[in-house]
Amino acid sequence: MSDPNKEFDGIRQSDNPLPEWWKWVFLGCILFAGFYAVYFHVFSDWGTNEYYASQVQEYEKEFPNRNVAVESKDGSNPFRGNQDAINAGQKTFQTYCVACHGPTGEGLVGPNLMDKEWLHGNTDVELYETVMKGISVERAKLGRGPMPAHENSLGSEKVYQVLAWLASKNPELKSSK
């Protein structure tokens, strides 16, 4: 016959049963969960698919797709030389890029964008691809940090505006034409 009061390493273990009320509460919780799951997924008219679709619709209304505004057939920046776009690009740069590239673009964590050395290409096509897709840690050069992709955060139009501002400040940035 086994001893109901076992002792291990000086700790005495008693075989006390759970209180009846605890057992009933536990059984009630299990039954409630089962009935609620059946009700919610079978009889309720509120579904997650409809809710998700409504959330997506609200988001798209508030933040329209930013990647359809500008396209360039030859890869050159369509905003190069456009003063309104350059001003908008400077504002976007000051908002998003200044933390890594500094207020004048001369580099902090990110590389200097105003010198003659370009780490990931100096044409419109290369820079557009770099800004849109980002730079992973593995591709980072000269001990500089990675760069996040701005494909979704900025979109095509704002990226081209920032590149137009950079081209107005740095003659080393070449057009792709």
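Scoring rules and cut-offs
Residues numbered from 1 in each chain as written. Predicted model: local features only at pLDDT ≥ 70, side-chain atom pairs only at ≥ 80, totals over all residues. Heavy atoms only, no water. Helix = DSSP H or I, 4+ residues; strand = E, 2+ residues; numbered from the N terminus. Rg over C-alpha atoms; globule rule 2.2 N^0.38 Å. Buried < 20%, exposed > 50% of the residue type's maximum accessible area, 1.4 Å probe, protein only. Contact = heavy atoms within 4.5 Å. Areas by Shrake-Rupley, 256 points an atom, 1.4 Å probe, with all protein chains shown as cover. Lys, Arg positive; Asp, Glu negative; His and termini not counted. Charge placed at Lys NZ, Arg CZ, Asp CG, Glu CD. Polar contact = N/O pair within 3.5 Å; in protein donor to acceptor, adjacent residues only side chain to side chain. Patch = residues over 30% accessible without salt bridge, like charges linked within 9 Å, V, L, I, M, F, W, Y side chains within 5 Å. Salt bridge = Lys/Arg side-chain N within 4 Å of Asp/Glu carboxyl O. Core = buried A, V, L, I, M, F, W, Y, C linked by side-chain atoms within 4.5 Å. 1 Å grid on protein atoms, 1.4 Å probe; cavity = no way out; pocket = protein on both sides within 12 Å on 5 of 7 lines; lining within 4 Å. Points joined across faces, edges and corners; volume = space filled by probe spheres on them. Nonpolar A, V, L, I, M, F, W, Y, C, P; charged D, E, K, R; others polar. Domains from an automatic or database assignment.

A count of helices and strands for the protein chain gives five helices and two strands. Each helix and strand of the protein chain, placed in order from N terminus to C terminus, yields the pattern β-β-α-α-α-α-α. Taking 2.2 N^0.38 as the reference for a compact globule, 177 residues should give roughly 16 Å; the C-alpha atoms of the protein chain span a radius of gyration of 30 Å, well beyond that estimate. By principal-axis analysis of the C-alpha atoms, the protein chain measures approximately 90 × 50 × 25 Å. For the protein chain, with 177 residues in total, the buried portion stands at 25%. Within the protein chain, residue pairs in contact and separated by at least 24 positions form 58% of the contacts whose partners lie at least 6 positions apart. Just so you have it, the protein chain exposes about 12900 Å², and 57% of that area is on carbon and sulfur atoms. For the protein chain, the distance from the average position of its 17 positive side-chain charges to the average position of its 23 negative side-chain charges is 8 Å.

Structurally, His101 is set in helix α3 (residues 83–101). A distance of 3.0 Å separates a polar side-chain atom of His101 from the backbone oxygen of Pro111.

Turning next to helix α4 (residues 124–133). An α-helical turn contains 3.6 residues, so any two residues separated by three or four positions project in the same direction. All of the buried residues along α4 are Asp124, Leu127, Tyr128, Thr130, Val131 and Met132. Here the buried face of α4 lies against α5 (155–169).

The next thing to look at is a nonpolar patch on the surface. Together, Leu18, Trp21, Trp22, Val25, Phe26 and Ile30 give the surface a local cluster of nonpolar side chains, amounting to about 650 Å² of exposed area. Position of Trp21 among the secondary structure elements: in helix α1 (residues 20–43). Trp21 gets classed as exposed once you look at its relative accessible area, which sits at 57%.

As a further point, take the nonpolar core. Counting 21 residues, the largest nonpolar core has Phe93, Tyr128, Val159, Leu163, Leu166 and Leu173 as its most contacted members. Ranked by residue count, the leading element in this core is α5, at eight residues. Ignoring anything within four residues of it in the chain, the contact list for Leu163 reads Asn77, Asp124, Leu127, Tyr128, Val131 and Leu173.

Approximately 440 Å³ is the volume attributed to the largest pocket. Lining the largest pocket are 31 residues, with His101, Pro111, Leu113, Thr130 and Met147 positioned closest to its centre. Elements represented by at least two residues in the lining of the largest pocket include exactly α3, α4 and α5. Ranked by the residues each element gives to the lining of the largest pocket, the list is headed by α3, at five residues. Class assignment for the residues of the lining of the largest pocket results in 20 nonpolar, eight polar and three charged.

A separate point is the environment of Ala99. Here Ala99 is to be found in helix α3. The spatial distance from the C-alpha of Ala99 to the C-alpha of Val109 is 8.0 Å, given a sequence separation of ten residues.

Turning our attention to the domain arrangement of the protein chain. Often, the extent of an interface is quoted as the loss of accessible area upon association of its parts. You can read the domains of the protein chain as domain 1 (17–62) and domain 2 (83–169). The straight-line distance from the C-alpha centre of domain 1 to that of domain 2 is 46 Å.

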